[in-house]
Amino acid sequence: MAQFRKAQFKATVTLGLLAALAGPPAVAQAPSPPPPAAQTAEIRIGLIYRPAPAPSSYDAQAAPEDEGLSGAKLAIQDNTTTGRFVRQSYALDAVALKAAAPGEAPPQSPVDAARGLVEKGLRFIVLALPADEVLAVADALKGAGVVLFNAAAPDDRLRGADCRADIFHVAPSRAMQTDALAQFLAFMRWRKLFLITGPQDGDKLWAEAMKRSAKKFGLQISAERPWTFGPLARARGDTPTRAEALVFTRGLDYDVAVVADEAGDFGDYVPFHTVDPRPVVGTQGLIPTTWHPTLEVWGAAQAQNRFRRLAGRLMRPLDYQVWASVRAVGEAAFQKKTTDPAALAAAIADPGFSLPGYKGVALSFRPWDHQLRQPLLLVQPQALVAVAPEQGYLHQRTPLDTLGIDLPETQCRLAKS
């Protein structure tokens, strides 16, 4: 018993010493508050466009009023989907330049619309406008740190003598369009061309681009005629000039007829009205374009379906070009993890920048003229026929540079605004 009491005493002393060393009992503390959630940075992107006017009579091919706008809305959704992983959000400020009705004040000019967007803090603006208005906006905003995207104007001079450092061209140039067509014709060995040129300024510019492409790819303009029979394609019926139009194509030696009719006045009339059975290509018939409802590969079918759910119609080339413009901003912001406008502009201009565009290859902007490199689709109304560049056309940088004005040919001298 004495030994047991002695052991008990030693244990009690040992526990007391341990308690003294441990100090006073710990006081329960309230849990610390969680760190504040990181702020989501917002990027606002502007769009200036002209809604297509409603046709005066029935027109199954009339452009929808929201052409281009719906492409921007889809891109904002896509940017937001990818941006949430890096805490970025996106918003669209769209300005529709509608024609003034009789008795109303003159409509807002593109320059005033652009300045209004800049005053709101926007630094990225997509322009779905003609070439002269694109230049007017660029010159008015020179030095303001604004990045502009040309989504509609195909004029080669915007990528040449009239190029601007703050404009990125998503719409393909006329040179790109005609090069894509000429590659296909050379691949098919249809080398003798009958060029039919309309009366509009755009028709003549397209014809000049086609002549350059024909020379570039070894084709021959064996015959050339201006179209002088009026808008037969729009008439959609028998006219006294039909017999004259048939005579127009008689006695010519050619493999394929090439129509230059950007206004759509007569090009759709030419197929099946030539004296000799010949295919028709150009602005009508088999056409080069950025987008078409029959494109299904490379993930395009999913994009087609998403656009149809959003807009309730098929996606058109202008929709795609505006979509790609807005997506370029989102992709740069995602890749660089920043929303700083200057940093994003530098990223977009970087030769290493890549934009997924449902074309089978990554798209990028050419450093010498800021034209978007991209494959072009050669399509007829109900089918995809080919994709340019054609196989066998090689280039030291990328086959995409076989389409359009290459670095040794360019007249563009980019200077910082």
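Use the structure listed above.
What this report covers is the structure whose coordinates are included nearby. The shown structure was predicted, so the numbers you read here are calculated from the model rather than taken from an experiment.

### A word on helix 9 (residues 300–311)
Since the α-helix packs 3.6 residues into each turn, any two residues three or four apart lie on the same face.
Here is step 1 of the chain: With twelve residues, helix 9 extends 16 Å from end C-alpha to end C-alpha; this agrees with the ideal 16 Å at 1.5 Å per step.
Here is step 2 of the chain: Looking at the packing, one finds that the buried side of helix 9 touches helix 2 (69–83) and helix 10 (317–336).
Here is step 3 of the chain: Just downstream of helix 9 lies Gly312, where phi reads positive at about 75°.

### Description of the nonpolar core
Here is step 1 of the chain: If you look at the biggest cluster of nonpolar residues, it comprises 45 residues, and the most contacted ones within it are Phe149 and Phe365.
Here is step 2 of the chain: Broken down by element, this core gets its largest block of residues, ten residues, from helix 10.
Here is step 3 of the chain: Setting aside chain neighbours within four positions, we find Phe365 in contact with Phe149, Phe168, His169, Val170, Ala328, Ile348, Phe353, His370, Gln371, Leu372 and Arg373.
Here is step 4 of the chain: In terms of nonpolar packing, the next biggest core, distinct from the first, is built from 20 residues, Ala186, Leu193, Val256 and Val258 among them.

### Some thoughts on the state of the cysteines
Here is step 1 of the chain: Tallied over the full model, the rule gives one disulfide.
Here is step 2 of the chain: Here Cys163 is linked by a disulfide to Cys412, with a sulfur-sulfur distance of 2.1 Å. Here the S-S torsion is close to 100°, and the disulfide linking Cys163 with Cys412 is therefore right-handed. Residue Cys163 is located in the loop between strand 4 (147–150) and strand 5 (167–169), and its partner Cys412 is located in the segment after strand 15 (383–388); the two are separated by 249 residues in the primary sequence.
Here is step 3 of the chain: For Cys412, a relative accessible area of 4% puts it in the buried group.

### A look at the sheet that holds strand 6 (residues 192–197)
Here is step 1 of the chain: Spatially, the four strands line up as an open sheet ordered 7-6-8-9, and their pairing is parallel. With one partner strand each, in any of the chains shown, strand 7 (220–226) and strand 9 (280–282) form the two edges of the open sheet. The average undirected angle you get between the axes of adjacent strands in this sheet is 30°.
Here is step 2 of the chain: Where strand 6 and strand 7 come together, six bridges link them in parallel fashion. Counterpart to Ile196 in the pairing with strand 7 is Arg225.
Here is step 3 of the chain: The sheet contacts of helix 6 (residues 201–216) involve strand 6, strand 7, strand 8 (256–260) and strand 9, and relative to strand 6 the element is tilted by about 165°.

### Comments concerning the environment of Asp276
Here is step 1 of the chain: Mapped onto the elements, Asp276 comes out in the loop between strand 8 and strand 9.
Here is step 2 of the chain: A sequence separation of 22 residues divides Asp276 from Tyr254, and the C-alpha atoms of the two residues are 9.4 Å apart.
Here is step 3 of the chain: In this view, Asp276 contacts Thr249, Leu252 and Tyr254; residues no more than four positions away in its chain are not counted.

### Things to note about the side chain of Asp265
Here is step 1 of the chain: Tracing the backbone shows Asp265 in the loop between strand 8 and strand 9.
Here is step 2 of the chain: Every residue in contact with Asp265, bar those within four places of it in the chain, is listed here: Gln200, Pro231, Leu232, Ala233 and Arg234.

### Some details on the side chain of Thr289
Here is step 1 of the chain: Looking at the secondary structure, you find Thr289 in strand 10 (residues 287–289).
Here is step 2 of the chain: Of the residues examined, Thr289 reaches a relative accessible area of 9% and is grouped as buried.
Here is step 3 of the chain: Within polar-contact distance, the side chain of Thr289 engages the backbone oxygen of Trp291 at 3.4 Å.

### Some thoughts on the packing of aromatic side chains
Here is step 1 of the chain: A full pass over the atoms with the stated rule returns 15 aromatic pairs.
Here is step 2 of the chain: On the basis of an interplanar angle of 85° and a centroid distance of 6.0 Å, the ring pair of Phe184 and Trp190 is categorised as edge-to-face.
Here is step 3 of the chain: Classification of Phe184 as buried rests on a relative accessible area of 6%.
Here is step 4 of the chain: Trp190 gets classed as partly exposed once you look at its relative accessible area, which sits at 27%.
Here is step 5 of the chain: A centroid spacing of 4.9 Å and a plane angle of 80° characterise the contact between Trp227 and Phe229, whose relative ring orientation is edge-to-face. Across this residue pair, the class does not change: Trp227 and Phe229 are buried.
Here is step 6 of the chain: Joined through ring pairs, the aromatic side chains of Phe194, Trp227, Phe229, Phe248, Tyr254, Phe266 and Tyr269 make up one cluster.
Here is step 7 of the chain: The aromatic ring of Tyr254 is capped on one face by Arg278, whose charged end is 5.7 Å from the ring centroid.
Here is step 8 of the chain: Over the aromatic face of Phe334 sits the side chain of Lys337, whose NZ or CZ is 4.8 Å from the ring centroid.

About the criteria used
- Residues numbered from 1 in each chain as written.
- Predicted model: local features only at pLDDT ≥ 70, side-chain atom pairs only at ≥ 80, totals over all residues.
- Heavy atoms only, no water.
- Helix = DSSP H or I, 4+ residues; strand = E, 2+ residues; numbered from the N terminus.
- Expected span 1.5 Å × (residues − 1).
- Contact = heavy atoms within 4.5 Å.
- Core = buried A, V, L, I, M, F, W, Y, C linked by side-chain atoms within 4.5 Å.
- Buried < 20%, exposed > 50% of the residue type's maximum accessible area, 1.4 Å probe, protein only.
- Disulfide = S-S within 2.5 Å.
- Pairing = 2+ DSSP bridges.
- Axes fitted to C-alpha atoms, helices over the stretch in contact; angles between N-to-C directions.
- Polar contact = N/O pair within 3.5 Å; in protein donor to acceptor, adjacent residues only side chain to side chain.
- Phe/Tyr/Trp six-rings, centres within 6.5 Å; stacked < 30°, edge-to-face > 60°.
- Lys NZ or Arg CZ within 6 Å of the ring centre and 35° of its normal.

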